[in-house]
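Examining the three-dimensional arrangement
What follows is each chain in one-letter form.
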Amino acid sequence: MIRVLSVGRSIRLWAVEQVGTLPLILFAPLLVFSEYFPAPAVLGCGTFLALYAAVICLRNQRLRLPLSILCAPVVVTGAVAFWASADRAASLPKLYLLLLGLATLGLFASLLEQRKLIDAWTWVWLYLAGTTLLGLVGPFVTEFRWTNKFFDLRDLKLSFLHTGEVLDINILGCLLAVALPLSVALLLEGKRRSGKLWLMGAAAITLLQCGILILTQSRAAILGGAAGGLILAAVLWKPARIFLLIAAPLGAVSLYVIGLEGPAEIISQAQSFRTLEARLELWNRSVYAIQDFPFTGIGLGMFGKVIPLLYPLFLFGPDQNLPHSHHLYLQLALDLGVPGLVAFLG
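Residues numbered from 1 in each chain as written. Predicted model: local features only at pLDDT ≥ 70, side-chain atom pairs only at ≥ 80, totals over all residues. Heavy atoms only, no water.

As a further point, take the overall build of the protein chain. Within the protein chain, the secondary structure is distributed over 14 helices and zero strands. Each helix (α) and strand (β) of the protein chain, taken in turn from the N terminus, gives the series α-α-α-α-α-α-α-α-α-α-α-α-α-α. In the protein chain, which comprises 346 residues, the share counted as buried stands at 36%. With an accessible surface of roughly 20,200 Å², the protein chain has 72% of that area assigned to carbon and sulfur atoms. (Helix = DSSP H or I, 4+ residues; strand = E, 2+ residues; numbered from the N terminus. Buried < 20%, exposed > 50% of the residue type's maximum accessible area, 1.4 Å probe, protein only. Areas by Shrake-Rupley, 256 points an atom, 1.4 Å probe, with all protein chains shown as cover.)

Below, the structure is given as structure tokens:
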């Protein structure tokens, strides 16, 4: 009985300590899926969250200057890019996502510095659980487009809620590639704590993320997630370091013996705009656009509308969906201009 009361008291204490993140938790879904909520409600929530995060950050004397230096240039370049957009209604969801990211950064930095987030591992669990849930649910609630790079899933129809394409293969793959190293860290932390429940939960999340990542067939995401997970495991776990020290030379020798033609053909095999040649064309047109709009960019989320119109493409049909340039840094310069790219890198 005493133990139950102690656990209940700990949960209540944790909930009180996390109250600073409550606006973020409540308003994040509205900002992520802003197209499916009333515009005034989303605008009000976004404005409130931005002001709330700014007040929390400015009240923190130690982080006030660093966060201002970090966030202010991105805010300014985002506002300029939104003003310069040819279709501000289409750019507004991207602006909401930008504000959400900055608010998340500011709130968590301030609350962690003030020690109001008493257990960082709890937030790691919540993040990984949310990412895994998105991977499981996403294909059912979006117009998800399967590919057939390694195995053919194009005839697999999952979507039963026609909410539009708010998620695609590459976005989901990138989310999982970022989350997978954290899942590995969670596994290793469970091993260190010798907690069976912790270890079983971390193993379940890791296996689910690996399975979904393979289903996305996103080569860059799979390679990135695997590399990140192995490197992190090697840093934190001695057997993993030994494995890498043995596997790396063996892999190099194997590639030398069998040659690079076979692996190169597998890696380069693709369909549609995912071919290397097609991506090179996208990057080429992106560079032209950056040269023409260096200060403002082409507008937040305007890649699919501006690039085909001003910089005709030869490897894509007129109905081809082009959500982004498939290059993080080029996309930042396209969305926010070169000053926004510099602010991000700074």
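Ranked by internal contacts, the top residues of the largest apolar core, which has 22 residues, are Ile298 and Ile307. Looking at this core element by element, the count peaks at six residues for helix H14 (residues 328–345). Once residues within four sequence positions are removed from consideration, Ile298 is found in contact with Ala289, Phe293, Phe303, Val306, Ile307 and Leu334. Of all hydrophobic cores here, the second largest spans 16 residues; its members include Leu30, Leu31, Leu49 and Trp123. (Core = buried A, V, L, I, M, F, W, Y, C linked by side-chain atoms within 4.5 Å. Contact = heavy atoms within 4.5 Å.)

So, about the packing of helix H2 (residues 22–32) against helix H3 (residues 39–59). For the pair H2 and H3, interaxial distance at closest approach is 10 Å and the crossing angle is 140 degrees. Of the possible angle classes, the one that applies to H2 and H3 is oblique. Note on packing geometry: the crossing formed by H2 with H3 is left-handed. On the side of H2, the interface is formed by Pro23, Leu24, Phe27, Leu30 and Leu31, while H3 contributes Val42, Cys45, Gly46, Phe48, Leu49 and Tyr52. (Axes fitted to C-alpha atoms, helices over the stretch in contact; angles between N-to-C directions. Parallel < 35°, antiparallel > 145°, perpendicular 65-115°, else oblique. Left-handed = near helix turned anticlockwise from the far one by under 90°.)

Once that is clear, we can look at helix H13 (residues 303–310). Every α-helix winds through 3.6 residues per turn, so residues three or four apart in the chain are directed the same way. Those residues of H13 that fall on the buried side of the exposure criterion are Phe303, Val306 and Ile307. Along the axis of H13, the buried residues cluster in a sector spanning 95 degrees; they form a single face. For H13, the elements touching its buried residues are helix H12 (276–292) and H14. (Arc of directions from axis to C-beta.)

Reading fine detail from the predicted coordinates is not recommended where pLDDT is low. Across the protein chain, pLDDT averages 76, with 75% of residues at or above 70. Mean pLDDT values over the elements of the protein chain span from 51, in helix H1 (residues 2–17), up to 89, in H14. Scored below 50 in pLDDT, residues 159–165 shows 19 contacts in the model against residues more than four places distant or in partner chains. (pLDDT = per-residue confidence, 0-100.)

Here the structure, examined in full by the defined rule, presents two salt bridges. Between Asp87 and Lys305 there is a salt bridge; the shortest N-O distance is 2.7 Å. Of the two residues, Asp87 sits in the loop between helix H4 (61–84) and helix H5 (88–113) while Lys305 sits in helix H13, which places them 218 residues apart along the sequence. For Lys305, a relative accessible area of 46% translates into the label partly exposed. For Glu281, the salt bridge is made with Arg285, and the minimal N-O distance between the two is 3.5 Å. In this pair, Glu281 and Arg285 are both assigned in helix H12, four residues apart and thus about one turn of the helix distant. (Salt bridge = Lys/Arg side-chain N within 4 Å of Asp/Glu carboxyl O.)

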